[in-house]
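As a plain string of letters, each chain reads:
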Amino acid sequence: MIITKVNKPFPYLLVDEFYDDSEVNLIWQELDFLAQPFKYQDGSFSNKEKDRDGVAVKQSKCIHLDNVYADRKISNILMVNRKLFSEQITMAFSDLSFGYDYFSKCNLDYTTLTLYDEDDYYLPHDDFSMYSAITWFYKEPKKFKNGDLVFSDYNHSVEVKNNRMIMFPSQIIHQVDKLVFDDTPRIFGDGRYAISQFVSRNLVR
């Protein structure tokens with residue numbers, strides 16, 4: 001893992017090569033298995049805010065993995081993404097800023113797999129959680145442009161890269177601009193995958 005603690009324009013954690021080769025292979029096994037349109041739902045219905053001025057806030061395809069797999073051990077992705085709660089990541093994120101150490105007390109997370117295809121996007125929004133961690137994957141050579149994560153309030157963007165994870169407080173407004181594909185032949189699954197973990201704390205004991 002290559003961990004970068006970013007402080008400006010706001011504190012966030014950036015991790016390149018987040019997963020090792022064996023973990024990446026496991027993830028792609030599941031991504032390839034799920035690469036059928038009928039397995040995804042319309043992402044426009046997955047957000048708490050359905051539309052804005054008549055325009056869908058989100059256009060993409062998504063799967064709520066925790067709803068699909070009753071047993072986490074059946075999903076490669078849900079098994080390997082426990083890495084987010086490793087001591088190395090927890091300490092790096094907690095050191096970023098005041099209040100970020102609350103991540104170590106969180107005990108609840110949900111994982112959504114989102115596939116962005118031609119013209120898919122996500123308008124500015126926040127997430128209904130305390131912390132958001134997003135890891136990106138795509139087939140190489142990359143067949144699309146755009147798709148970076150944009151923090152519009154800060155005029156700041158983070159480039160989408162394979163096996164790159166970004167983690168930040170969920171209340172910070174962010175968006176994904178429309179994907180544009182080149183003219184090379186492509187199939188379903190050639191777009192931008194985002195494995196999003198929404199982390200909170202369950203106060204019920």
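In this numbering scheme, every chain counts its residues from 1 along its sequence in written order. Restriction of local features to residues with pLDDT of at least 70 applies here, the model being predicted, together with a cutoff of 80 or more for giving and counting side-chain atom pairs; totals for whole chains, interfaces and linings are based on all residues. Excluding hydrogens and water, the side-chain values take into account all heavy atoms of the structure.

Asker: An account of helix α4 (residues 87–94) is requested, with residue identities and associated values reported.
Answerer: Any residue under 20% of the maximum accessible area for its type is buried, any over 50% is exposed, and the rest in between are partly exposed; the area is computed with a 1.4 Å probe on protein chains only. Starting at the N terminus, helices and strands are each numbered in turn, a helix being any DSSP run of H or I of at least four residues and a strand any DSSP run of E of at least two. All buried positions along α4 are accounted for by Ile89, Thr90, Ala92, Phe93 and Ser94. Its buried side turned inward, α4 meets β1 (2–6), β2 (12–16), β10 (131–137) and β14 (164–169). Contacts: residue pairs with any heavy atoms within 4.5 Å of one another.

Asker: Could you give an account of the side chain of asparagine 81, naming the residues involved and the relevant values?
Answerer: With respect to the helices, strands and loops of the structure, asparagine 81 is situated in the loop between α3 (76–80) and α4. Accessibility expressed as a relative area gives 0% for asparagine 81, which makes it buried. Aside from chain neighbours lying at most four places away, what touches asparagine 81 is Tyr19, Arg72, Thr111 and Gln197.

Asker: Describe the sheet that holds strand β6 (residues 58–59), naming the residues involved and giving the relevant values.
Answerer: At least two DSSP bridges between two strands are required for those strands to pair. The strand order across the open sheet built from five strands is β6-β9-β15-β12-β13, with neighbouring strands paired in antiparallel fashion. Of all strands in the sheet, those bounded by a partner on one side alone are β6 and β13 (156–158). For strand β9 (residues 121–125) and strand β15 (residues 174–176), the ladder comprises two bridges, and the chain directions are antiparallel. Bridge pairing links histidine 125 to histidine 174 in β15.

Asker: Just give me the short version of the pairing of β14, but keep the residues and values in it.
Answerer: Across the six residues of β14, six count as buried, placing the element largely inside the fold. Relative to β14, β2 runs antiparallel, the two sharing four bridges. When the bridges of β14 are listed, aspartate 16 appears paired with arginine 164. Bridge analysis of β10 against β14 gives six bridges, and the strand direction is antiparallel. The residue bridging isoleucine 134 from the neighbouring strand is isoleucine 166, located in β14.

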